[in-house]
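The primary structure of each chain is shown beneath.
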Amino acid sequence: MLLQDKVALVTGATRGIGRGVALALAAQGAHLVIVGTSEEKAAAFAAELEQAGTQALGVGADVSVAKDVERLVDSAKKRFGKIDILVNNAGITRDGLMLRMKDEDWDSVLDINLKGAFLCTRAVARLMTRQRNGRIINISSVVGQMGNAGQANYCASKAGLHGLTKSNARELAKRQITVNAVAPGFILTDMTEALSEQQRNELTTQVPLERLGHVDDISAAVVFLASDQAGYITGQIIGVNGGMYM
Ligand code: NAP
């Protein structure tokens, strides 16, 4: 057990990568705070974890709304007294060519993907600095490193997360809090389900390892970064992308 009795808060944990990350952290002995936009779905997943023997709390919160984030962190603190691990995973896409992109599609992606990570980090880091330890892991994307036509808003939000990761790593290092990003390639989840089979096949041709990624590929990297074994790693962008970007 790498994370016995650690408390981990995972945003966007009701589905996809976040759900897989939460399950993997629980399997290593962590207690979980599950966050999604729907209180009902978050509570249902927390109940499922509790049944399997993990202490878990489900909270409905919009990570882009400061008041929601304060309430979320207060609830976590009341239930567990501390937060050791924060995984900023909540994210959305609103794709479209830049020349035709609507202001609201730009704003919602930046608000949830980037401002959400800032708000959660600010609220949780206040606890972590008092504890003088912590692990913050931001889930970005390979397209934040490479760019992608039709995703200017999403790529800007993920590249922004890389800047946030490095700045926060420098600010929080003296309190023994590490801040890293995991940048997934194309991973099979609801987000990529929206693509046609032809689009998925085309994507696969860009991947040297000749397959799309699985949620477990990402959770393995997150578990490692959350563990004591990764105590000397901070400010890094760990690509988990099958070699798409080197
Ligand atoms: P997903 O299946 O669409 O799940 C997104 C999760 O985020 C859901 O739990 C959703 O909650 C939550 N969420 C959305 N908006 C939120 C908000 N405002 N506040 C709180 N939670 C919110 O996505 P995914 O594919 O697992 O992706 C997870 C992360 O990995 C994202 O940051 C994404 O950008 C990144 N990523 C994914 C891929 C990929 O290929 N799938 C590749 C690179 C990076 P509800 O269920 O309540 O809506």
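Let me sum up the structure you'll find in this document.

Describing the nonpolar core
Consideration 1: If you look at the biggest cluster of nonpolar residues, it comprises 32 residues, and the most contacted ones within it are Leu25, Leu32, Ile34, Val87, Val182, Ile218 and Val222.
Consideration 2: Broken down by secondary-structure element, the contributors of at least two residues to this core are β1 (7–11), α1 (16–27), β2 (31–36), α2 (39–51), β4 (85–88), β5 (134–139) and α9 (215–226).
Consideration 3: No other element matches the seven residues that α9 contributes to this core.
Consideration 4: Those residues in contact with Leu25 that lie beyond four places of it in its chain are Leu3, Ala8, Val10, Ala30, Leu32, Val87, Val223 and Ala226.
Consideration 5: With 28 residues, the next largest nonpolar core counts Ala61, Ala123, Ala169 and Ile177 among its residues.

Section: empty space enclosed by the protein
Consideration 1: Applying the stated criterion to the full structure yields one cavity of 30 Å³ or more.
Consideration 2: Estimated volume of the largest cavity: approximately 40 Å³.
Consideration 3: Taken together, Thr11, Val63, Asn88, Asn89, Ala90, Ile112, Asn113, Gly116, Ala117 and Leu161 make up the lining of the largest cavity.
Consideration 4: The leading source of residues in the lining of the largest cavity is helix α4 (residues 103–131), at four residues.
Consideration 5: Residues belonging to the lining of the largest cavity are distributed by class as follows: five nonpolar, five polar and no charged.

Quick look at the packing of aromatic side chains
Consideration 1: All told, the structure shown has zero aromatic pairs when counted by the stated rule.
Consideration 2: One cation-aromatic arrangement involves Arg19 over Phe45; the distance from NZ or CZ to the ring centre is 4.4 Å.

Regarding the pattern of salt bridges
Consideration 1: One pass over the structure, following the stated rule, counts seven salt bridges.
Consideration 2: With a shortest N-O distance of 2.8 Å, Arg19 and Glu48 are connected by a salt bridge. You can see Arg19 sitting in helix α1 and its partner Glu48 sitting in helix α2, a full 29 residues away along the chain.
Consideration 3: Its relative accessible area of 41% is what places Glu48 among the partly exposed residues.
Consideration 4: Among the ionic pairs, Arg71 bridges to Asp68, the shortest N-O distance being 3.7 Å. Within this pair, Arg71 and its partner Asp68 are both found in helix α3 (residues 66–80), separated by three residues, close to a single helical turn.

Observations concerning the side chain of Asn153
Consideration 1: For Asn153, the location among the structural elements is in helix α6 (residues 152–172).
Consideration 2: Relative accessible area serves as the criterion here: at 0%, Asn153 is assigned to the buried category.
Consideration 3: A distance of 2.8 Å separates a polar atom in the side chain of Asn153 from the backbone oxygen of Arg94.
Consideration 4: Beyond its immediate chain neighbours, meaning those up to four positions away, Asn153 contacts Arg94, Met101, Asp105, Trp106, Val109 and Leu110.

What about the sheet that holds strand β7 (residues 237–240)?
Consideration 1: The strand order across the open sheet built from seven strands is β3-β2-β1-β4-β5-β6-β7, with neighbouring strands paired in parallel fashion. Each edge of the open sheet is held by one strand with a lone partner, namely β3 (56–60) and β7. Each neighbouring strand pair of the sheet contributes to a mean axis angle of 15°, computed without reference to strand direction.
Consideration 2: Two elements, strand β6 (residues 177–184) and β7, share four bridges in a ladder whose sense is parallel. Directly across from Val182, in β7, lies its bridge partner Ile238.
Consideration 3: Here α2 sits on the sheet in contact with β2 and β3, set at roughly 175° to β3.

Here we look at unusual backbone geometry
Consideration 1: The phi dihedral of Asp5 falls on the positive side, at around 60°, and the residue is not glycine.
Consideration 2: Along the chain, Asp5 falls in the segment before β1.
Consideration 3: Asp5 gets classed as partly exposed once you look at its relative accessible area, which sits at 42%.

Considerations on the layout of surface pockets
Consideration 1: Taken as a whole, the largest pocket holds about 1,300 Å³ of empty space.
Consideration 2: When residues of the lining of the largest pocket are traced back to their parent elements, those giving at least two are α1, β2, α5 (143–146), α6, α7 (190–193) and α8 (197–205).
Consideration 3: Here the residues of the lining of the largest pocket sort into 21 nonpolar, 21 polar and eight charged.
Consideration 4: Here the second largest pocket is characterised by a volume of approximately 240 Å³.
Consideration 5: Along the walls of the second largest pocket sit 16 residues, with Gly134, Arg135, Gln176, Thr178 and Gly231 positioned nearest its centre.
Consideration 6: Breaking the lining of the second largest pocket down by element, the ones donating at least two residues are β5 and β6.
Consideration 7: Residues belonging to the lining of the second largest pocket are distributed by class as follows: six nonpolar, six polar and four charged.

Conventions used here
Residues numbered from 1 in each chain as written. Predicted model: local features only at pLDDT ≥ 70, side-chain atom pairs only at ≥ 80, totals over all residues. Heavy atoms only, no water. Core = buried A, V, L, I, M, F, W, Y, C linked by side-chain atoms within 4.5 Å. Buried < 20%, exposed > 50% of the residue type's maximum accessible area, 1.4 Å probe, protein only. Helix = DSSP H or I, 4+ residues; strand = E, 2+ residues; numbered from the N terminus. Contact = heavy atoms within 4.5 Å. 1 Å grid on protein atoms, 1.4 Å probe; cavity = no way out; pocket = protein on both sides within 12 Å on 5 of 7 lines; lining within 4 Å. Points joined across faces, edges and corners; volume = space filled by probe spheres on them. Nonpolar A, V, L, I, M, F, W, Y, C, P; charged D, E, K, R; others polar. Phe/Tyr/Trp six-rings, centres within 6.5 Å; stacked < 30°, edge-to-face > 60°. Lys NZ or Arg CZ within 6 Å of the ring centre and 35° of its normal. Salt bridge = Lys/Arg side-chain N within 4 Å of Asp/Glu carboxyl O. Polar contact = N/O pair within 3.5 Å; in protein donor to acceptor, adjacent residues only side chain to side chain. Pairing = 2+ DSSP bridges. Axes fitted to C-alpha atoms, helices over the stretch in contact; angles between N-to-C directions.

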